[in-house]
Structure formats: C-alpha cells, structure tokens
Amino acid sequence: MATRTTSTTSAVLIICILLFTFPIWIGLGAGLFGLAVGIFGGMIGIIAGIFGVIVGIIALPFKLLFGWGHGGWFPHFHFHGFLFLAAVILIIALALKRK
C-alpha cells in the first residue's frame, strides 16, 4: 500500500507541475517557432536583396546610356549618356591621333 501512495503522489505532483508550467512551455514553443520563421524570412529577404542588386547592376549601363527609368509627370532634363559617351570617344580619338 505504501508504494501505491507514493506513486499516486508522484503522478499528482507531475500533473500539477505540468499544469502550472503549461503557459511557460507554450510561450517558449511559440517564441522558438517565431525565431525560426523570422530567420527564414530574413534569409528570403537577403536572397531577394542580392537578386535586386544583380538586376540593378545589369540595368545600370542601359539606364545611363538610354535614360531608362526616368518616369513621372513633371518634365525635367534627361541626360541619356550619349553626350558623355561621345565626349569620351572624342577624347580617346584625339589622344590616339596625337600619338
């Protein structure tokens, strides 16, 4: 009989501990889940940022030469890069001609 009482007391004690600490376990589980989802979202954000940088680097020469990406309703001066490219070619041609 003494063994049964000790076993019952242990079971009741374990149930009480689990019952009272249940909110702590739920909070820890939810926090770890949020941490994992946040790290995953951060990795997706880093990959998307790297992709954006690659697309920007590829598009930069076209934007400088042809003036792409100058949208909007307000009229303003567009420097397409043709004048700059022509000046560079002229300087190089003059430098090569003098040598």
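The model shown is predicted, which means the values in this text are computed figures rather than measured ones. (Residues numbered from 1 in each chain as written. Predicted model: local features only at pLDDT ≥ 70, side-chain atom pairs only at ≥ 80, totals over all residues. Heavy atoms only, no water.)

Novice: Help me out: how do you make sense of the overall build of the chain in this one?
Specialist: Counting its secondary structure elements, the chain contains two helices and zero strands. Here the chain displays about 9000 Å² of accessible surface, and carbon together with sulfur accounts for 84% of that area. (Helix = DSSP H or I, 4+ residues; strand = E, 2+ residues; numbered from the N terminus. Areas by Shrake-Rupley, 256 points an atom, 1.4 Å probe, with all protein chains shown as cover.)

Novice: So what exactly am I meant to see when it comes to the environment of Leu85 here?
Specialist: Within the fold, Leu85 resides in helix α2 (residues 82-98). Taking the C-alpha atoms as reference, Leu85 lies 7.9 Å from Leu65; in sequence the two are 20 residues apart.

Novice: Which parts of the structure should I look at to understand a nonpolar patch on the surface?
Specialist: Taken together, the side chains of Ile46, Ile50, Ile54, Ile58, Phe62, Phe66 and Phe82 define a hydrophobic patch exposed on the protein surface, amounting to about 690 Å² of accessible area. For the nonpolar patch, the leading source of residues is helix α1 (residues 2-66), giving six residues. With respect to the helices, strands and loops of the structure, Ile46 is situated in helix α1. (Patch = residues over 30% accessible without salt bridge, like charges linked within 9 Å, V, L, I, M, F, W, Y side chains within 5 Å. Salt bridge = Lys/Arg side-chain N within 4 Å of Asp/Glu carboxyl O.)

That is the geometry; function is a separate question.
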